[in-house]
Structures are given as C-alpha cells and as structure tokens.
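Structural overview
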Amino acid sequence: MAQLQNKHILLGITGGIAAYKAPDLVRRLREQGAEVRVVMTDSAKAFVTPLSLQAVSGFTVSDDLLDPTAEAAMGHIELARWADIILVAPATANTIARITHGFADDLLSTLVLASKAPVVIAPAMNQQMWAATSVQENIETLLNRGVQMIGPESGEQACGDVGYGRMSDPTQIVQALIEKQPKTPQTWQGKTFVITAGPTREAIDPVRYISNHSSGKMGYALAEAAAHAGANVILVSGPTQLATPAGVQRIDVETAEQMLNAVQQQLQQCDVFIGCAAVSDYRIAEIASQKIKKEQSDQPPQLKLVQNPDILQQVASSEKPPFTVGFAAETENLKANALRKLERKQLKMIVANDVSQTGLGFNSDSNNAIIFSQDSEQSLPTMSKHDMAIAIIDAIAKRYFDNTNPEIRAN
Ligand code: C5P
C-alpha cells in the first residue's frame, strides 16, 4: 500500500552535488502516493534543472519569493499552509545555518518559517564541513527544536574524501520518512462519506438562474480531510471553480433536485453524510422554455417560486440514516438558531457560523464556527478552511466511534 497517500510534501532542494538525486527522490515519494511540490534555491539550479523537477513532480517549481506571477498562482503563504511535511534534501551547511537562524530572504527559508508542517532535513556536504563546530551546533539546535534528520551517511564523497556527509539515497529517505509518520490509524478506513458542496443553480429560462455566493471551499476541504483520514468520499457538487481533491469521487449537479437524486443514489453505502452545500431554498415553478424578452410585456415578469426539497432533512429522516451533519450560516442568535435546526432536521451535529462577520464564511479562505451536538458544544477559532475541515472530521470521529453513544448505528 502507498504509505504516504495524499501527503503534501514540499521538497526544498538546495545547492549541493546530491541535488542530482532529487528527481529520483520525487519519483519515489510519488510512488508512495505523496503529492510533491518543489522549491529550489538559486544554487540548486546549478546542479539540477527546474524543468526536470517540474516533469517528475507534475507542478511548476517555485524558486522566487518576490515573483508576482508565482504569487498569483500558489503564493508562499498558501504553499506553507499546503505542506504536510517540509523535506529539505539535500540540505547544505548554508541552508541548515539559515534555517537555524530564522532567515527569510529566499523562498525556502521563508516557507520553513511560515509553515506549521514538520521539517525534515537530509544533510549533504563534505565530511570536514559536516564535522565543523558551527554545523554541529546548528544541527543540535534544530534537533532540539523538533526538526527531524535523515542521514547523512558515511562513505566516499564526490570530492574524493571519505567520511560522514553523504546524503542518504532516495529509497532510504522515503523509508525513513514513512517511519517518522505519526502512527495515527487511518480512522475512517472502510467508511463512506457523502458530502454536498457549493451552490445550486435554479434556472429561470435557458440563460438565467437563481444561485448564491457559495464557493464550495468548505465542502471540498471536508472531502479532502475525510479522504486524508482514510474514508471513501463521494462529493456531490454544485457548480464551482475548484479542483477535485485527490482520492475523492465527484458527482456534478446543478439544481437542488439533481443534488437530492444524486445523494439518494449514494445513501445505501453512506456512513456519514455532511450537508455543506448552500442549497437554493426555492426554484422557479415553471422554467421558461425560451429566453424571457423585455419586449414581451410592459411589466417585469412575475417569477413564481416553489420550495425545494431539504436534502439534509430527507437524509436524516431516511429509514436507516447515516451519521448526519449539517451547517448553519446565521446572521443572528447563532446558538439558538443552530440548536433549533439540529432538532428540527434530526441531525447528530451542526456546524454553525456567523456569516455577518466580514472576511469569513462565504467565499473566503478562513472561517470560525461552533460545532453543536445535542449535548456538546465545541468552539473553533478563526482558522483556514483546510484546518477547520480537519477539526470537523476529528469531531465527527469522536462522536461516531464513541461506543457509549447508543444512537450510532453499528456497521
Ligand atoms: O435551513 P438551512 O438552509 O439554514 O439549513 C442549512 C443546512 O441544510 C446546510 O447543511 C445545507 O446543506 C442543508 N440544506 C439542504 N437542502 C436544502 C436547504 C439546506 O440540504 N434545501
């Protein structure tokens, strides 16, 4: 089995002769299921080309802290958040010193500072340099800080010397990385999540529709987090601009009725249902078969609306309901409204957020929320939707696998 499945590995390549092993390292990390993005220092480019690394990783190589084009694609802060692990291989004496002393004048050292991800270094340098007091002191500082180290190995070096300082081989690095992974069980292995995400679109005529501002980011982040924790994930998505997370099966729909149909078809095998979509509460009673023209009448058209089905409620009240989680976007009385919704829709959990706060919720990258169940309340402070998704999936796991909770159906 791929043992780094869906792991986001940011590989920092620095300027040592061992950089020639980097393309092989990328290939071997990907064989283990990891997604690899490469950051190179300027001197690394003297040993291996960005183009080779782009070809083996499948992503453009990042190398410049101040490049507006790169920042517009995946900016350095996004890259820092994206990483689950920062692996610096080869790590030269210079880069080790820079990381130890908190430099932030190139992309790689800045990313190390800006990321919460664990840092793993695979040193590579001449044996005399490796033995130098300053290098050893820097290494000791890093190890005390929790930075992990793979190698270096002893043997013949490119310069002809013999001793410690050779970078470990890519196979050894990958194996060591796998062994260093926290041994959290793949909690959701064998369980299926169905998650709705994004807006729905309700046609008025062949060119117009009613919709809302939902970007789908929260639902997609949940799908990614559940897949990361080992679940089979089916994402039923309204129209969004987002890429399907790795390992997730996506079903595209437009209207609320299509979303309901798609969800119902998946219910048989569903253990956890999360209704994260911003489903349009109403649709047009009769969709005009031709474009409505201004010239047709002196009066503006009167649009008659009918209520859409409540997907979440229908799932929760189905014959053998999965563990059902809803969302509540509220502008006032957050707790009271969320608890009422929990009760009315017969949910196991509801994630409530205050959408009156600017910069949070709809269309933004971060959010804060309170998770309510019938007898518990957990506040999640402002954080990225990525981190929030992990926290929500964790909270669901705590309830779902709590054997003392008789309401959870045994599977
Ligand atoms: O009632 P309200 O729309 O505020 O409830 C929000 C929750 O219900 C969300 O989890 C949303 O995905 C779900 N919902 C649904 N179908 C609807 C309306 C809301 O699944 N028609």
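Residues numbered from 1 in each chain as written. Predicted model: local features only at pLDDT ≥ 70, side-chain atom pairs only at ≥ 80, totals over all residues. Heavy atoms only, no water.

1. Concerning the domain arrangement of the chain
Size of an interface, as often reported, equals the accessible area lost when the parts are brought together. By domain assignment, the chain separates into domain 1 (8-180) and domain 2 (192-410). Residue-level contacts link five residues of domain 1 with five residues of domain 2. Across the domain 1 to domain 2 interface the summed buried area is about 330 Å²; carbon plus sulfur atoms make up 39%. In terms of surface lost to domain 2, no three residues of domain 1 exceed His-8, Arg-81 and Asp-84, which account for 71% of the buried area on that side. (Domains from an automatic or database assignment. Contact = heavy atoms within 4.5 Å. Buried area = accessible area lost by both parts, 1.4 Å probe.)

2. Quick look at the packing of helix α1 (residues 22-31) against helix α2 (residues 50-57)
Between α1 and α2, the shortest axis-to-axis distance is 9 Å and the interhelical angle comes to 10°. Taken together, the axes of α1 and α2 are roughly parallel relative to one another. Between α1 and α2, the residues in contact are Ala-22, Pro-23, Val-26 and Arg-30 and Leu-53, Val-56 and Ser-57, respectively. (Axes fitted to C-alpha atoms, helices over the stretch in contact; angles between N-to-C directions. Helix = DSSP H or I, 4+ residues; strand = E, 2+ residues; numbered from the N terminus. Parallel < 35°, antiparallel > 145°, perpendicular 65-115°, else oblique.)

3. Description of the sheet that holds strand β16 (residues 323-330)
Ordered in space as β12-β11-β8-β13-β16-β17-β18-β19, the eight strands form an open sheet in which the pairing is mixed. Single-partner strands in this sheet number two, and they are β12 (248-252) and β19 (376-384). For this sheet, the mean inter-axis angle between neighbouring strands, taken without regard to orientation, is 20°. Looking at chain direction, strand β18 (residues 366-373) and β19 are connected through seven bridges and run antiparallel. The residue bridging Ala-369 from the neighbouring strand is Leu-380, located in β19. Along the sheet, helix α14 (residues 385-400) makes contact with β8 (192-197), β13 (272-275), β16, β17 (349-354), β18 and β19, crossing β19 at roughly 160°. (Pairing = 2+ DSSP bridges.)

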